[in-house]
Amino acid sequence: MPDTMKRRIDPGFVLAFLIIAFSSCSAFYLPGLAPVSFCEVSGADDCKTDIQLFVNRLDSVESVLPYEYDVFDFCQDEKETRPSENLGQVLFGERIETSPYKFSFKKDIKCQKTCTKTYLKDKPEDKDKLDFLKRGMQLNYQHHWIIDNMPVTWCYDVEDNQKYCNPGFPIGCLVTLDGRVKDACVINSEFNKKNTFYVFNHVDIKITYHSGENEGWKGARLVAATLEPKSIAQADEKNPVCDGPPMEVPGEFESDLKITYTYSVTFEKNNNIKWASRWDYILVSMPHTNIQWFSIMNSLVIVLFLSGMVAMIMLRTLHKDIARYNQVDQEDAQEESGWKQVHGDVFRPPRKGMLLSVFLGQGTQIFIMTFITLFLACLGFLSPANRGALMTCAVVLWVLLGTPAGYVSARLYKTFGGEKWKTNVLLTALLCPGIVFADFFLMNLILWVEGSSAAIPFGTLVAILALWFGISVPLTFMGAYFGFKKPAIEQPVRTNQIPRQIPEQSFFTKPIPGIVMGGILPFGCIFIQLFFILNSIWSHQMYYMFGFLFLVFIILLITCSEATILLCYFHLCAEDYHWWWRSFLTSGFTAVYLFVYAVHYFFSKLQIVGAASTILYFGYTMIMVLIFFLFTGTIGFFACFWFVNKIYSVVKVD
């Protein structure tokens, strides 16, 4: 795996970052905040003694519904506080709060009791709490703890003597009625009783620090936080011990039950790990980087193949066509067949020009947003350390990019000869964002009914609407104003008054086969990268290889353009001049393959159970598909638009 480059933000390094980003194809880690120093004795303001452990929402690979820590019946902080969260964190359902696990720097703790939870069989509310805890263990819900803005990880050995560091650890595990050991129960041979849950009620936390005593700065900086979950039944809750039989929770609640939660903390010095590279041990443990390189090579082969085809057409076939068309007499030209014959119809405005211009305006907005977001992510500004930064950046950019959407939509609509400019502006500002918001709102209702932490609070929904109607819509109107003020895009040839009859087409030059074929090659460039993106969304794996992603973005841009130009040329040679919508749909059809892959991923890779989780998965997938459809369709359209304008501007037409 290529080493991830990690530095503090320094303007002098920006150019170097750019160069290395493209050469190493690896994301940088530029921490969003300065390092915090810790000391044994409280001294200056910049040196802390108390270490705060935060708890985040709990999630599962078997359910799309995350839950707040407080929803489960765990020990809670008496003076609970919540740090402020950005828009991206709220939209992703992160809910961070202080925990009851208290400790100070370099002060080891052994078997400290946090609290005891008692469940009485005669109390219905206790039964409900215990049932919810069991349900969490059955679905393998995971804790996510944070110390000094770093995830507390559970590191364990996997196949081939590799160590995997998971930024979460399970509530507990289950041995089923038929004796099948599920999930984390495999770690201990004592977890063997049928129809029994084993709750992880004890954690051994190890904090690694880098001392600054010989490096000119005071105190120490935390460079790793790991833990090992254990299940221990405490015989005497007032004098807890760190070993013993596991804490069993029977499948049938037939007698009163007590669960005592405890923890131990140890500190370890390691000056080999620098603070700036403290995420390395998590990122290096993640597999599949060699597959990323395979993905890039696979994509590059497709790009080279397409580039060769396009170059052959441009340099040989097209050059010969133009030379022949410009030399022959007009009478001979009438008997010629080929793309020149449709010069009087090629710029005839398309049907449903209003809808096409609206889609292209929105697609332009999404394209610019994606480019800037990935570029910033490549520089490390949106690294995993800056929680929610990626989503916040994307939403803010989308809101601020209303002007290019309005401008592109208005300019093209005017070129198509449209006159209903008010309808055009309103549809550009409201149609696609409205569809996304309606889908998002319905998904939010399901989350709210299920009591999930991912349900967006009402205030945040109002804030999103305010951003949309207060900033994005006026900016779209402003862009449309400038677009309509500009003259229509001048076409290189005149359009005939009477439409030319299109000859009978072969199977491959008919619209639908061409569109279906057009999406295959762009999808072939991205499907491996897509696997990692879906993993990060649905399997809660950390995604940090934005260098790879940016490279794939560029390859997708080239592939969509070339595939569309290629098919557009073949259709024009067959004297079919209806290229406007076809160019958009050819590359836009990649989104259909994206949906098919998402369905395949759902059934083959995920273990999601429950109707609510299934609806949420496909609801959010439809939002992704729509955005990707507009994004790829816009790339294909403008590539084809440039190509058609170029070839008809160099041929002589009487």
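Refer to the structure printed above.
Position numbers for residues count from 1 along each chain, tracking the sequence in the order it is written. Two thresholds apply to this predicted model, a pLDDT of at least 70 for residue-level local features and 80 or more for giving and counting side-chain atom pairs, whereas whole-chain, interface and lining totals are computed over all residues. In computing side-chain properties, one takes all heavy atoms of the structure into account and sets aside hydrogens as well as water.

The subject of this paragraph is the state of the cysteines. The rule for a disulfide is simple: a pair of cysteine sulfur atoms within 2.5 Å. Per the counting criterion, the structure on display carries five disulfides. Paired by a disulfide, Cys75 and Cys115 hold their sulfur atoms 1.8 Å apart. Taking the sign of the S-S torsion, about -85° here, the bridge from Cys75 to Cys115 comes out left-handed. With Cys75 in the loop between strand 5 (63-67) and helix 2 (87-91) and Cys115 in strand 7 (residues 109-119), this residue pair connects regions lying 40 residues apart in the sequence. Classification of residues uses two cut-offs on accessible area relative to the type maximum, computed with a 1.4 Å probe and protein chains only: under 20% is buried, over 50% is exposed, and between them is partly exposed. A relative accessible area of 2% means that Cys75 is categorised as buried. Note on Cys115: relative accessible area 16%, which makes it buried. Here Cys155 pairs with Cys165 through a disulfide, and the sulfurs are 2.1 Å apart. The sign of the S-S torsion, about 110°, decides the handedness of the disulfide formed by Cys155 and Cys165: right-handed. Helical segments are the DSSP runs of H or I of at least four residues, strand segments are the runs of E of at least two, and each set is numbered from the N terminus.

Before going further, it helps to spend a moment on the layout of surface pockets. It is the rolling of a water-molecule-sized probe over the atoms that shows where space remains empty. For the second largest pocket, the calculated volume is near 450 Å³. For cavity detection a 1 Å grid was placed over the protein atoms alone, and a set of points counts as a cavity when a 1.4 Å probe fits there but cannot get out; an open set counts as a pocket when protein lies on both sides within 12 Å along at least five of seven lines, with lining residues being those that have an atom within 4 Å of a point. Lining the second largest pocket are 20 residues, and of these Phe54, Pro83, Ile146, Asp148 and Asn149 lie nearest its centre. Ranked by residues supplied to the lining of the second largest pocket, first place goes to strand 3 (residues 50-55) with four residues. For the lining of the second largest pocket, the class distribution of residues is nine nonpolar, six polar and five charged. Grid points are joined across faces, edges and corners, and a volume is the space filled by probe spheres set on the points. Amino acids are sorted into nonpolar (Ala, Val, Leu, Ile, Met, Phe, Trp, Tyr, Cys and Pro), charged (Asp, Glu, Lys and Arg) and polar (every other residue, Gly among them).

The next thing to look at is the nonpolar core. Residues belong to one nonpolar core when they are buried, are Ala, Val, Leu, Ile, Met, Phe, Trp, Tyr or Cys, and are joined through side-chain atoms within 4.5 Å. Counting 170 residues, the largest nonpolar core has Phe103, Trp145 and Tyr648 as the members making the most contacts within it. Ranked by residue count, the leading element in this core is helix 17 (residues 611-649), at 19 residues. Met354, Ala410, Val425 and Ala480 belong to the second-largest nonpolar core, a separate cluster that totals six residues.

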